[in-house]
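Chain by chain, the residues run as shown.
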Amino acid sequence: MTIIVFLLVLALAAANGANDVPKGVATLAGAGVANIRTAVWWGTVTTAAGCLVSLTFAAKLTSLFSKEIVSAPPTAEFAVAVLIGTCAWVALATVLKLPVSTTHALVGSLLGAGVLFARSDVHWDVLVNKVVLPLLLSVFVAYLVSAVLTFVGNRIATAAEQRRRRALEATAGVGPGAASVAEMQVTASRVNVLTALHWATSGFTSFARGMNDAPKIVAIGSFALLGGWTPQRLLFAVTAVMAIGGLVAGARVAKSLNACVDNLTHVDGFTANLTTALLVGLGAFRGMPMSTTHVSVGAISGTVGKDVGRIKRKTLRDFAVAWLATPPFGFAVAAAAYWLVA
């Protein structure tokens, strides 16, 4: 049973990597900064870095998912049921190219197995205050923060454009071609700065996601560690397999994320990633299990500002249906799995 738990932890890590790694870097491809494969490589590397520091800086998340939602001493059978429920949904969603929340699936599975395993030790107050509220509020907060940052970013870009035009006017009479040369230099400089910022914020987002997700997976795996294994060793294994999952299948979900908003720009991608990184990183430090999926989609959608026509409602509707189905699916599968293996 311990070996089964270990294998299921690795399976969940692979499914999580495939579904979640693209969420920090999808805007790079959407804005034309890089192709999807290159973006996924960048997301994989920076996610791995976040995973490796997670046990040090995100200990509250490990505690929340290992003993605060269901406080009874866990058994290997309980861990197997939780992992089956979570892994089944995340893997299915990845095949369907739907960005879903591993956190939602994990919470649903903990409850499904928990009510059969130790109903009196399921802490609904902790669930509501530390899980449900942060998850529900995060998407709306992300939309608002992203909208504000995009507005500010566009204002700064407009001011920069006005300065560029004044500089061109000042050089117009210097000599043949002087104005066009100056224009190309200023434009190239702006593009380079925005590109660097976009890469940086996408990496920061992936780093924060790694810090947020790895402790949850390690927490469940710690219920039944192999002989001689420690949470630290398990974290290294989870990180490696998560990276493999992202590289093998991450491009599928990245294409879906880019499809939720038309004509994503450099400024849009930068502000969406900055918003996601700040909120998810804060959640990891504070022990609030933010859903990278919800925050990322909310932040990308928030970049449209008043131009809501750019939002593809059908795509967002499909996402919303998948999100609503996540906890019940995890609950049902985990409960059934526990009933079978206990």
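Please refer to the structure higher up on the page.
Residues numbered from 1 in each chain as written. Predicted model: local features only at pLDDT ≥ 70, side-chain atom pairs only at ≥ 80, totals over all residues. Heavy atoms only, no water.

(A) Region of the structure containing helix H11 (residues 292-302). In terms of residue burial, H11 counts as a mostly covered element, since 11 of its 11 residues are buried. Of all the positions in H11, only Thr292, Thr293, His294, Val295, Ser296, Val297, Gly298, Ala299, Ile300, Ser301 and Gly302 are classed as buried. (Buried < 20%, exposed > 50% of the residue type's maximum accessible area, 1.4 Å probe, protein only. Helix = DSSP H or I, 4+ residues; strand = E, 2+ residues; numbered from the N terminus.)

(B) Structural detail: the pattern of salt bridges. Per the stated rule, a full pass over the model turns up 3 salt bridges. Where arginine 209 meets aspartate 20, a salt bridge forms, and the shortest distance between an N and an O atom there is 3.6 Å. Here aspartate 20 lies in helix H1 (residues 2-20) and arginine 209 lies in helix H8 (residues 178-221), a separation of 189 residues in the sequence. For the pair arginine 209 and aspartate 20, a shared accessibility class is recorded, and that class is buried. A salt bridge links aspartate 213 to lysine 216, with the shortest nitrogen-to-oxygen separation between them at 3.3 Å. Here the residue aspartate 213 and the residue lysine 216 both occupy positions in helix H8, the gap between them amounting to 3 residues, near one helical turn. Summarising the burial analysis for this pair, aspartate 213 and lysine 216 share the class buried. (Salt bridge = Lys/Arg side-chain N within 4 Å of Asp/Glu carboxyl O.)

(C) Representation of helix H12 (residues 313-341). For H12, with 29 residues, the first-to-last C-alpha span of 42 Å sits near the 42 Å given by 1.5 Å per residue. Within H12, the axis deviates most sharply at threonine 326, by approximately 35°, and proline proline 327 lies no more than four positions further along. Within H12, the full set of buried residues consists of Thr315, Phe319, Ala322, Trp323, Thr326, Gly330, Ala334, Ala335, Ala337 and Tyr338. (Expected span 1.5 Å × (residues − 1). Bend = angle between axes of the 7 residues up to and from the residue.)

(D) Expanded view of the packing of aromatic side chains. Throughout the structure, instances matching the rule amount to 4 aromatic pairs. With centroids separated by 6.0 Å and ring planes inclined at 75°, the aromatic side chains of tryptophan 42 and tryptophan 199 adopt a geometry described as edge-to-face. A residue pair is termed long-range when its members are at least 10 positions apart, and tryptophan 42 in helix H3 (residues 36-57) and tryptophan 199 in helix H8 qualify at 157 residues. A relative accessible area of 23% means that tryptophan 199 is categorised as partly exposed. Each ring, one from phenylalanine 78 and one from phenylalanine 117, has its centre 4.7 Å from the other, and the planes form 20°; the classification is stacked. Of this pair, phenylalanine 78 sits in helix H5 (residues 76-95) while phenylalanine 117 sits in helix H6 (residues 102-117), and the two are 39 residues apart along the sequence. One exposure class covers both phenylalanine 78 and phenylalanine 117, and it is buried. Taken together, the ring pairs connect Phe78, Phe117 and Tyr338 into an aromatic cluster. (Phe/Tyr/Trp six-rings, centres within 6.5 Å; stacked < 30°, edge-to-face > 60°.)

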